[in-house]
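Survey of secondary and tertiary structure
Chain by chain, the residues:
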Amino acid sequence: MMKRICFLFYFLLIFTSSFAQTFTASTDFSSVPINQSFDVVYELKGANSTRFVRPDFEPFRVIGQQSYTGGGMTVIINNKVINDGSNSQKWIFTLLPTKEGTFTIPPAKVLVDNKWLESNSLSIKVTQAGSPSSNKSQASKSNNQSNTSKNISQLDNDEIFLKAEVNKSNVYLGEPVILNYYIYTRVDVRQYGINKTPSFKGFWSENLLDNNTNAKTTEKTINGKRYVVANIRSIALYPQETGTLKVDPLEVEAIIVRPVARRDPFDVFDDFFNDPFNFDPFSMFSPSLITQPEKITLKSNPIQIHVNPLPDGAPASFSNAVGNFTVSASLENDRCFLGENIVYNLLISGKGNLPLINPPQLQLPDNFQVFDPEIKDAFTKSNSGISGTRTFKYIINPLNAGSYTIPPIEFSFFSVTDGKFITVKTLEFNIQVFDPGNANKNSQVAITNLKDDIQYITPILSLSIFDKLIFNKLFAILLFIIPLLLIILVSIFYRKRLKILADFTLQKQKKADREARKRLKYAYKFMKENNSKQFFEQLLSALWQFISDKYVIPLSKLNIDSAKEIMKEHNVDESIIDELLAFIKECQMYAYAPTNSSVDLSYFYKRAFEFIRKKI
Amino acid sequence: MKKIILTILLIFFCGVISSFANKETKALLLKADSAYKAQDFKTAYQLWESLINKGYITDDLYYNMGNASYRMGDISTAIWFYKKAILLSKYNNNAKDNLNLLVNKGYAKLLPQPMGFTAFANNILTAIPYNILFWVTWSVFVLLSLFIFLFAFKKNSNRAHLFWLIVFSAIFFIYFFSSFIYQNININNSKNAIVATQSTNLYSSPDSLSIAIAIINEGTEVKCIESIGNWQKILTPNQKTGWIQNNNLLFLKFHLPQSQ
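Residues numbered from 1 in each chain as written. Chains lettered and ligands numbered in written order. Predicted model: local features only at pLDDT ≥ 70, side-chain atom pairs only at ≥ 80, totals over all residues. Heavy atoms only, no water.

1. Quick look at the interface of chain B and chain A
Contact with chain B, which involves 45 residues of that partner, is made by 31 residues of chain A. Taking both sides of the interface into account, the surface hidden between chain B and chain A amounts to around 3,900 Å²; carbon and sulfur atoms contribute 72%. When the buried surface of chain B facing chain A is broken down by residue, Y56, W135 and F153 of chain B rank first, second and third, together holding 16% of it. Element by element, the count of residues in the side of chain B that touches chain A is highest for helix α8 (residues 130-153) of chain B, at 12 residues. (Contact = heavy atoms within 4.5 Å. Buried area = accessible area lost by both parts, 1.4 Å probe. Helix = DSSP H or I, 4+ residues; strand = E, 2+ residues; numbered from the N terminus.)

2. Examining the layout of surface pockets
Sizing a probe to match a water molecule and rolling it over the atoms shows the empty space that remains. Residues and elements named next belong to chain B. Estimates place the volume of the second largest pocket at around 1,000 Å³. What lines the second largest pocket is a set of 31 residues, and nearest its centre among them are L87, Q113, P114, N122 and N192. Listing elements by their share of the lining of the second largest pocket, those giving two or more residues are α5 (75-88), α6 (93-105), α7 (116-125), α9 (159-188) and β4 (221-228). No other element matches the five residues that α9 contributes to the lining of the second largest pocket. For the lining of the second largest pocket, the class distribution of residues is 13 nonpolar, 12 polar and six charged. (1 Å grid on protein atoms, 1.4 Å probe; cavity = no way out; pocket = protein on both sides within 12 Å on 5 of 7 lines; lining within 4 Å. Points joined across faces, edges and corners; volume = space filled by probe spheres on them. Nonpolar A, V, L, I, M, F, W, Y, C, P; charged D, E, K, R; others polar.)

3. Some points on the packing of helix α7 (residues 560-569) of chain A against helix α8 (residues 574-592) of chain A
All names here are of chain A. One can describe the packing of α7 onto α8 by two numbers: an axis separation of 10 Å at closest approach and a directional angle of 160°. Judged by the inter-axis angle, α7 sits roughly antiparallel to α8. Relative to α8, the crossing made by α7 is right-handed. When α7 is examined against α8, the residues I560, A563, K564, M567 and K568 are found in contact with a partner set consisting of E574, I577, D578, L580, L581, I584, K585 and Q588. (Axes fitted to C-alpha atoms, helices over the stretch in contact; angles between N-to-C directions. Parallel < 35°, antiparallel > 145°, perpendicular 65-115°, else oblique. Left-handed = near helix turned anticlockwise from the far one by under 90°.)

4. Some words on the side chain of T426 of chain A
Residue and element names in this part refer to chain A. Along the chain, T426 turns up in the loop between β33 (420-425) and β34 (429-434). In terms of polar contacts, T426 uses its side chain to reach the backbone amide nitrogen of I409, at 2.9 Å. Ignoring any residue separated from it by four or fewer positions in sequence, one finds T426 in contact with V327, A329, Y344, L346, P408 and I409. (Polar contact = N/O pair within 3.5 Å; in protein donor to acceptor, adjacent residues only side chain to side chain.)

5. Comments concerning the pattern of salt bridges
Residue and element names in this part refer to chain A. Counted by the stated rule, this structure contains seven salt bridges over all chains. The closest approach of N and O atoms between E175 and K168, which form a salt bridge, is 2.8 Å. With a relative accessible area of 33%, K168 lands in the partly exposed category. Between D377 and R390 there is a salt bridge whose closest N-O contact spans 2.7 Å. Taken together, the positions of D377 in strand β29 (residues 374-382) and R390 in strand β30 (residues 385-398) put the pair 13 residues apart, joining distant regions of the chain. (Salt bridge = Lys/Arg side-chain N within 4 Å of Asp/Glu carboxyl O. Buried < 20%, exposed > 50% of the residue type's maximum accessible area, 1.4 Å probe, protein only.)

6. Remarks on the sheet that holds strand β10 (residues 109-112) of chain A
Residues and elements named next belong to chain A. Sheet architecture is open: three strands sit in the order β4-β10-β11, paired in antiparallel fashion. Two strands lie at the open edges of the sheet, namely β4 (51-53) and β11 (115-118), each paired on one side alone. On average, adjacent strands in this sheet sit at an angle of 25° to one another, irrespective of strand direction. When β4 meets β10, the two strands line up antiparallel, connected through three bridges. The residue of β10 that forms the bridge with F52 is V110. (Pairing = 2+ DSSP bridges.)

7. Section: unusual backbone geometry
Residues and elements named next belong to chain B. Within the chain, Q39 stands out as a residue other than glycine whose phi angle is a positive 65°. You can see Q39 is positioned in the loop between α2 (23-37) and α3 (41-53). Residue Q239 is not a glycine yet carries a positive backbone phi of 65°. Along the polypeptide, Q239 turns up in the loop between β5 (231-235) and β6 (241-245).

8. Observations concerning the nonpolar core
Counting 63 residues, the largest nonpolar core has Y36, W48, L51, L61, Y62 and Y82 of chain B as the members making the most contacts within it. For this core, the secondary-structure elements that each account for two or more residues are α5 (473-529) of chain A together with α2, α3, α4 (59-72), α5, α6, α8 and α9 of chain B. Ranked by the residues each element gives to this core, the list is headed by α8 of chain B, at 10 residues. Contact partners of L61 of chain B, with chain neighbours within four places excluded, come to I460 and L463 of chain A together with L29, W48, L51, I52 and Y56 of chain B. If you look at the next biggest cluster of nonpolar residues, it comprises 35 residues, including F535, L540, L543 and F611 of chain A. (Core = buried A, V, L, I, M, F, W, Y, C linked by side-chain atoms within 4.5 Å.)

9. A closer look at the packing of aromatic side chains
Under the defined criterion, the tally for this structure stands at 47 aromatic pairs over all chains. Seen from their ring centres, Y172 of chain A and F414 of chain A are 4.8 Å apart, and the 70° between their planes marks the pair as edge-to-face. With Y172 of chain A in strand β15 (residues 170-172) and F414 of chain A in strand β32 (residues 410-415), this residue pair connects regions lying 242 residues apart in the sequence. Overall, F414 of chain A belongs to the buried group, its relative accessible area being 0%. The rings of F480 of chain A together with Y130, F134, W135, W138, F141, F173, F177 and F180 of chain B are connected pair by pair, giving a single aromatic cluster. Over the aromatic face of F251 of chain B sits the side chain of K253 of chain B, whose NZ or CZ is 5.4 Å from the ring centroid. (Phe/Tyr/Trp six-rings, centres within 6.5 Å; stacked < 30°, edge-to-face > 60°. Lys NZ or Arg CZ within 6 Å of the ring centre and 35° of its normal.)

10. Looking at the sheet that holds β34 of chain A
Residues and elements named next belong to chain A. On the basis of which strands lie adjacent, the open sheet formed by three strands has the order β26-β34-β31 and mixed pairing. In this open sheet, the two strands that pair with only one neighbour each are β26 (335-337) and β31 (402-406). Taken pair by pair, the neighbouring strands of this sheet meet at an average axis angle of 25°, ignoring direction. Pairing of β26 with β34 involves three bridges; the strand directions are parallel. Paired with R335 across the strands is Q432, a residue of β34.

11. Overview of a nonpolar patch on the surface
Nonpolar side chains collect at one region of the surface, where L474, I477, L478, I481, I482, L485 and L486 of chain A lie side by side and expose about 620 Å² of accessible area between them. Note that L485 of chain A resides in helix α5. (Patch = residues over 30% accessible without salt bridge, like charges linked within 9 Å, V, L, I, M, F, W, Y side chains within 5 Å. Areas by Shrake-Rupley, 256 points an atom, 1.4 Å probe, with all protein chains shown as cover.)

12. With respect to the confidence of the model for chain A
Residue and element names in this part refer to chain A. Summing up the model confidence of chain A, the mean pLDDT is 73 and the portion of residues at 70 or higher is 78%. Taken together, the stretch residues 135-153 has pLDDT below 50 and engages in 34 contacts with residues farther than four places along the chain or on a different chain. Note on residues 263-287: pLDDT under 50 across the span, and 25 contacts to partners over four residues away in sequence or across chains. (pLDDT = per-residue confidence, 0-100.)

13. What to know about the packing of α7 of chain B against α9 of chain B
All names here are of chain B. The contact between α7 and α9 brings their axes to 9 Å, and the two run at 105°. Judged by the angle between their axes, α7 and α9 are roughly perpendicular. For the pair α7 and α9, the contacting residues are N122, I124 and L125 in the first and Y175, S178, S179, Y182, Q183 and N186 in the second. Residue composition of the contact of α7 with α9, by class: four nonpolar, five polar and no charged.

Pasting the structure below:
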């Protein structure tokens, strides 16, 4: 029954192709398992249509829809080849059966020259499960016997080939080149494995694709032939040498599946007995291609890359970086004790040959020990190369306490887009290192001892005579003896003078008595003559003279008051002084007053005599 | 009497005036300071040395010369100068600091400081710096003589006050005088010396053919016990005795660092 339908369909095909304008519906499968998608192709030959009315595909579900216009092309869709020799228009629907049973797809309509053309209807059997049975091979077998046999006997170069492509072939030293390997195929590739990887001499390579993931496939048409293109390898190449560098071909071993012989529809049992393991119960019912896995080796085309040297005038800080970068630096800690470390992170981010960047030199004062930096990478690989960050972690070990400045790090790179070197700088950092012995890490006012040095000189403004050492001992001794001698001399002189003075007074005192008695004698004479005035004068002069001599006081300075003072000074009894002075006053009164001679002169004489005698 | 005091004061005054008016020394000092500032330590050293040769003996001069020696790299001479500066005035903290620094750095090794009563007596007797001590003693002496004179001859003045003045000034005079004698011995007859040569053998007897019993490094302070010819018997900071030649030592008793 099924075969009959197929034959009918085949004859129908031949019939329709005889018309100048034909509109046919076709499908590769007469029977499909449920949930297995298949394509239905509506083809309009020899005419152009502006409108296409699609049929009702119930109970199939449309999951894809495509249309093509073109002439004499070979279209490959999911490894199914659609050959046609003339100008044609195609509408392809991918259908998914949803129910079991045999269904008929009603014809579609196209509008050609204001005439509606109708295609044939298709009958599809949807089975429970299993592999779809093709009906296309039937047509091929009867139609193009010689052509297909030729295809099977030898594999054309353009059926499957390996192609290497680079994004650029003229680069600067260090500028990445993206090398992609593609398998172009029109046959089913079951498996492939890289046989021989090129050495990439003169390059530093980085694989951009993960080998574990499946190759990304696209479709591409070359010379009218449609290929499935699989990107099997993507490699970033960083040239390390200048000149023309060659990339050796890549060798890939692939297992492909392609038709080897045509199954005779009536030779099922032969086949069954010949290849019992390949027995397919469904294929028995439909004639189809016999496929067989085949191992082939593919070789890619060699590639040449011209590497130009970088222009002259690279800065000193240039460390092989080519690309576009930014740098930033940070300190994990800006203060530490001696014996601890300061961690300095230098982050270079951007796009370019990041894995090849050498650590920039950290310029530090002498008091530091810097270890080779630890490198941490965070790269993202894409088809355009490597981008991301590379972190250099410098461990700085201070050897002395103090406050220091980490100077900025210069980082230079060659910018391919600008074609020149660019230098960027990080920030400057201040760090503090504390001596664990004498400082508290968290105190701001900590004084850290850096280096010991002697104190500064004492400015001497002047030197006085007292700063002079007396070298001469004799002079020193003289300095002591001179004042001593001086004082002794003075004292001797003083003592002598005192002695003389003492002698003088003694004499005077001795004389005083004598003198007084002499004067008293004169007074006595006047008393006898009863000359009272003369008598009193003589008496007073005797008394005054006596006081003057006795107390060593000049007569001119002597009066009642001074006499009182000097006698007091000499510790004379006050009553006696008063008595004497009262007597003197009385005598003066009689001496200078107008006289009356009724005065007892002898009484005065006696008293005066007593005074003088007493005082001796 | 007043005239005597006045004349003494006048002499003092004239002395002070004349010392301040000494422009030559002032110029020398300024020159030395600027030379030191300009890192010309040798010139500064020579200028200060000339002042010391003129008889100006002050701790600051010695201290500055010590600094100049240190800067010139002559550590043992620097130690000698600092030591001398401290002997002249124990209040020279700069010299003390620098000497401590040298000790801490290991350049200098000093004899142990006296302890107990000796230290106490030493403290008291060095309380007044040497360069002013002479004049202090002298003036106290003059005052004391005056008081005694007054006490002896001014019978009518206040004798009780005078008596106490005499007593106090006599005590002070005795103190100053003994202090002066003590410091004079310490400074001008010091037995200590600084080893000046890099490393010297300490011999068991005063001839270089005898057994070397120790090696003494530069900057060690030693005490000279006795001398025979140009050999000195010394006591090292670690209480070892031995003989060493004079030319290895800088004696503290001289005004300038010299071996003999």
